[in-house]
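# Fold and geometry: a report
Residue-level listing of the chains:
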Amino acid sequence: MANISLNKALLARLLRYTQIYTTSDASSQTVPSTPQQWDLLHLLKEEMQALGLSDISLDDKGYLFATLPATIDKPVPVLGLLAHVDTAPAFNGKNVKPQVIERYGGNDILLAGSGDKLSAKVFPSLNKLIGHTLVTTDGTSLLGADDKSGIAIILSVVEYLLAHPEIPHGKIRIGFTPDEEIGRGAKHFDVAKFGADVAYTLDGGPVGELQYETFNADEATVTLYGRSVHPGYAKDTMINAWTRACEYQHLLPPHLTPPTSEARQGFIFLRNMEGSTDECRIHYALRSFERAEIENYQKMLFETMEKMQQKYGEQCGKVEIKEHYRNMGEVLVHYLYLIDIAKQAMESQGITPNIDPIRGGTDGARLSFMGLPTPNLFTGGENFHGPFEFISVDTMNQSANVVINIAQKFTTYPFHSGESL
């Protein structure tokens with residue numbers, strides 16, 4: 001299939017979506033977690049109606065589904081395409097002012113709002129994007145290409161396929177979800193209502209990314225108790241929970257942290273500490289590709305608390321662990337034809353597939369365990385969740401071409417009897 005240029009549509013959509021404030025909030029108990037996510041969801045619903053999609057539904061939890069009807073009569077698996085509308089609360093997501101750099105020349109890019117520079121010396125992947133159209137932040141916010149680029153790619157593909165009914169493809173279901181960035185994107189996802197046999201999330205990074213493994217992820221809260229008295233009269237009376245929390249952290253292995261890990265190595269990440277002299281809570285993220293290893297991390301936290309209890313008494317603190325998500329590779333290993341189809345689609349566009357595990361998670365992690373096998377595809381974005389986030393529109397276009405090719409390959413792929421669908 002010849003390369004199709006959707007750059008103009010992709011750029012227009014990306015700029016429109018990124019300027020809509022959609023940051024999610026882990027402390028909120030509502031669904032979606034923030035009201036501003038509805039602004040983009042309603043816009044997308046109207047856009048899909050204008051495109052002429054069918055079966056459009058937006059439920060009270062913020063899950064937006066629609067159908068692109070098949071152009072063939074042959075029975076093939078129903079393909080799902082997914083992206084999320086929220087942006088990460090890790091950095092400011094308000095008043096996004098995207099900068100467009102056409103035909104990037106390799107020079108430093110001034111982020112006009114902050115005065116910082118996006119430099120290939122610091123971010124060498126920029127050297128591979130010379131000649132591309134880039135979109136950056138102005139330095140005062142994140143960009144939100146995670147995952148508004150995925151939305152832009154999906155709808156640009158849909159628009160193209162609607163304009164070209166001669167392209168063969170089966171039924172395609174489109175889904176946009178809230179709250180992915182706070183780990184709740186699949187919590188209220190109705191797999192039966194969505195009605196796809198398999199799906200891909202458009203939520204990856206540089207060109208060629210094709211991912212079917214994620215971390216196993218747990219969230220841990222370690223609570224240390226103290227006793228608050230006036231500091232001027234605290235001799236032999238005050239117990240400072242902050243001090244005990246620092247002592248607890250110091251007892252953990254220093255090599256099991258994000259800055260010391262890469263590839264398939266896991267970590268224990270101290271996210272934050274909160275509280276008072278009376279009570280201090282440490283929040284940890286436990287991550288590993290292997291279940292046995294993450295269980296060992298859990299054991300470390302409990303054993304460290306036991307050391308504190310031996311020193312200060314059993315009531316000095318406690319450890320609570322909550323399962324977050326599991327490595328979707330445990331499911332997707334039974335659906336490797338999804339990887340094969342995506343590989344073929346990339347290679348037909350001259351793209352070398354990069355099949356590495358995600359050092360993080362996607363909606364696909366939970367969805368795969370919920371009965372919807374869902375690998376992840378690249379979008380072209382990099383440096384997500386911060387002011388140095390950027391994306392190549394040319395790479396977005398490559399992703400769109402891969403998706404179109406995947407849809408076509410589903411009509412001819414030699415599925416075998418007994419193969420999981």
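Residues numbered from 1 in each chain as written. Predicted model: local features only at pLDDT ≥ 70, side-chain atom pairs only at ≥ 80, totals over all residues. Heavy atoms only, no water.

## Things to note about the nonpolar core
A general tendency of soluble globular proteins is for nonpolar side chains to be buried together. Worth spelling out the cut-off: Residues belong to one nonpolar core when they are buried, are Ala, Val, Leu, Ile, Met, Phe, Trp, Tyr or Cys, and are joined through side-chain atoms within 4.5 Å. Three exposure classes are used, based on accessible area relative to the maximum for each residue type with a 1.4 Å probe and protein chains only: buried under 20%, partly exposed in between, and exposed over 50%. Only heavy atoms enter the contact rule, under which two residues are in contact if any of them lie within 4.5 Å.
Ranked by internal contacts, the top residues of the largest apolar core, which has 73 residues, are Leu-44, Ile-151, Ile-174, Phe-176, Tyr-200, Leu-377 and Ile-406. Beyond its immediate chain neighbours, meaning those up to four positions away, Ile-174 contacts Met-48, Leu-53, Leu-64, Phe-65, Ala-66, Thr-67, Leu-68, Leu-81, Ile-154, Val-158 and Phe-194. If you look at the next biggest cluster of nonpolar residues, it comprises 21 residues, including Ala-220, Cys-280, Cys-316 and Val-319.

## A closer look at the pairing of strand S13 (residues 279–288)
The following threshold applies: For the purposes of this entry, the term helix denotes a DSSP run of H or I that reaches at least four residues, the term strand denotes a run of E that reaches at least two, and both are numbered from the N terminus. At least two bridges found by DSSP between two strands are what make those strands a pair.
Burial analysis of S13 places seven of its 10 residues in the buried class, which makes it a mostly covered element. The pairing of strand S11 (residues 216–225) with S13 spans 10 bridges and is classified as antiparallel. Bridged to Tyr-225 within S13 is Glu-279. Relative to S13, strand S12 (residues 267–275) runs antiparallel, the two being bridged by eight bridges. Bridge pairing in S13 places Met-273 opposite Ile-282.

## What to know about empty space enclosed by the protein
Stated formally: We place a 1 Å grid over just the protein atoms. Points where a 1.4 Å probe fits but has no way out form a cavity, open points with protein on both sides within 12 Å along at least 5 of 7 lines form a pocket, and any residue with an atom within 4 Å of a point lines it. Grid points are joined across faces, edges and corners, and a volume is the space filled by probe spheres set on the points. Only Asp, Glu, Lys and Arg are considered charged, only Ala, Val, Leu, Ile, Met, Phe, Trp, Tyr, Cys and Pro nonpolar, and every remaining residue, Gly among them, polar.
Here the structure, examined in full by the defined rule, presents two cavities of 30 Å³ or more. Here the largest cavity is characterised by a volume of approximately 50 Å³. For the largest cavity, the full set of lining residues is Leu-82, Ala-83, His-84, Asp-147, Glu-180, Thr-201, Leu-202, Asp-203, Thr-362 and Asp-363. Top contributing element to the lining of the largest cavity by residue count: strand S3 (residues 79–84), with three residues. Per-class residue counts for the lining of the largest cavity are three nonpolar, three polar and four charged.

## As for the sheet that holds strand S14 (residues 317–325)
As a reminder, the rule being used: Axis lines are fitted to C-alpha atoms, over the contacting stretch for helices. Their N-to-C directions set the angle, which ranges from 0 to 180 degrees.
Taken in spatial order, the four strands make up an open sheet running S12-S13-S11-S14, and their pairing is antiparallel. Looking at the sheet topology across the chains shown, the edges are occupied by S12 and S14. The sheet shows a mean angle of 20° between the axes of neighbouring strands, direction not considered. This element, helix H5 (residues 241–251), spans S11, S12, S13 and S14 of the sheet and lies at about 20° to S13. Lying over the sheet, helix H6 (residues 291–312) contacts S11, S12, S13 and S14, oriented at roughly 5° with respect to S11.

## Digging into the pattern of salt bridges
Worth spelling out the cut-off: The salt bridge definition used is simple: a Lys or Arg side-chain nitrogen within 4 Å of an Asp or Glu carboxyl oxygen.
Counted according to the given criterion, the structure contains 15 salt bridges. Between Arg-13 and Glu-47 there is a salt bridge, and its shortest N-O distance comes to 2.6 Å. Of this pair, Arg-13 sits in helix H1 (residues 7–18) while Glu-47 sits in helix H2 (residues 37–51), and the two are 34 residues apart along the sequence. Classification of Arg-13 as buried rests on a relative accessible area of 5%. Looking at Glu-47, the relative accessible area reads 12%, which means it is buried. The residue Glu-330 makes a salt bridge to Arg-291 at a minimum N-O spacing of 2.8 Å. Taken as a pair, Glu-330 in helix H7 (residues 329–332) and Arg-291 in helix H6 lie far apart in primary sequence, 39 residues in all. Take Arg-291: its relative accessible area is 36%, and that puts it in the partly exposed class. A network of salt bridges, in which partner residues are shared, links Arg-13, Arg-16, Glu-47 and Glu-159.

## Looking at the layout of surface pockets
In this model, the second largest pocket occupies a volume close to 260 Å³. Lining of the second largest pocket is provided by Ser-125, Lys-128, Leu-129, His-132, Pro-206, Val-207, Glu-209, Asn-354, Gly-380, Glu-382, Thr-395 and Gln-398. Classifying every residue of the lining of the second largest pocket gives three nonpolar, six polar and three charged.

## A look at the environment of Met-300
Here Met-300 is to be found in helix H6. For the pair Met-300 and Ile-268, spaced 32 residues apart in the sequence, the C-alpha separation amounts to 9.9 Å. Every residue in contact with Met-300, bar those within four places of it in the chain, is listed here: Leu-252, Pro-253, Leu-256 and Ile-268.

## A few points about the sheet that holds strand S16 (residues 381–382)
Strands sit in the order S4-S7-S17-S16 across an open sheet of four strands; the sheet is antiparallel. Edge positions in the open sheet fall to strand S4 (99–101) and S16, since each of these has one partner strand only. Inspection of the sheet shows S16 paired to strand S17 (residues 390–392) by two bridges, in the antiparallel sense. Of the residues in S17, the one forming a bridge with Glu-382 is Phe-390. The strands touched by helix H10 (residues 393–409) are strand S7 (134–136) and S17; relative to S17, the strand with the most contacts, the crossing angle is about 55°.

## Some details on the packing of helix H3 (residues 145–163) against H10
Basically, it comes down to this: Should an angle fall under 35 degrees it is taken as roughly parallel, and over 145 as roughly antiparallel, whereas 65 to 115 is taken as roughly perpendicular and any remaining angle as oblique. By convention the crossing between two helices is left-handed if the near helix lies anticlockwise of the far one by an angle smaller than a right angle, and right-handed if it lies clockwise.
Between H3 and H10, whose axes approach to 9 Å, the crossing angle comes to 50°. Overall, the two elements H3 and H10 adopt an arrangement that is oblique. Crossing handedness for the pair H3 and H10: right-handed. Contacts from Ser-149, Ala-152, Ile-153, Val-157, Tyr-160 and Leu-161 in H3 reach Met-396, Ser-399, Ala-400, Val-403 and Ile-404 in H10. The residue makeup of the contact of H3 with H10, split by class, is nine nonpolar, two polar and no charged.

These figures come from the coordinates and say nothing about function on their own.
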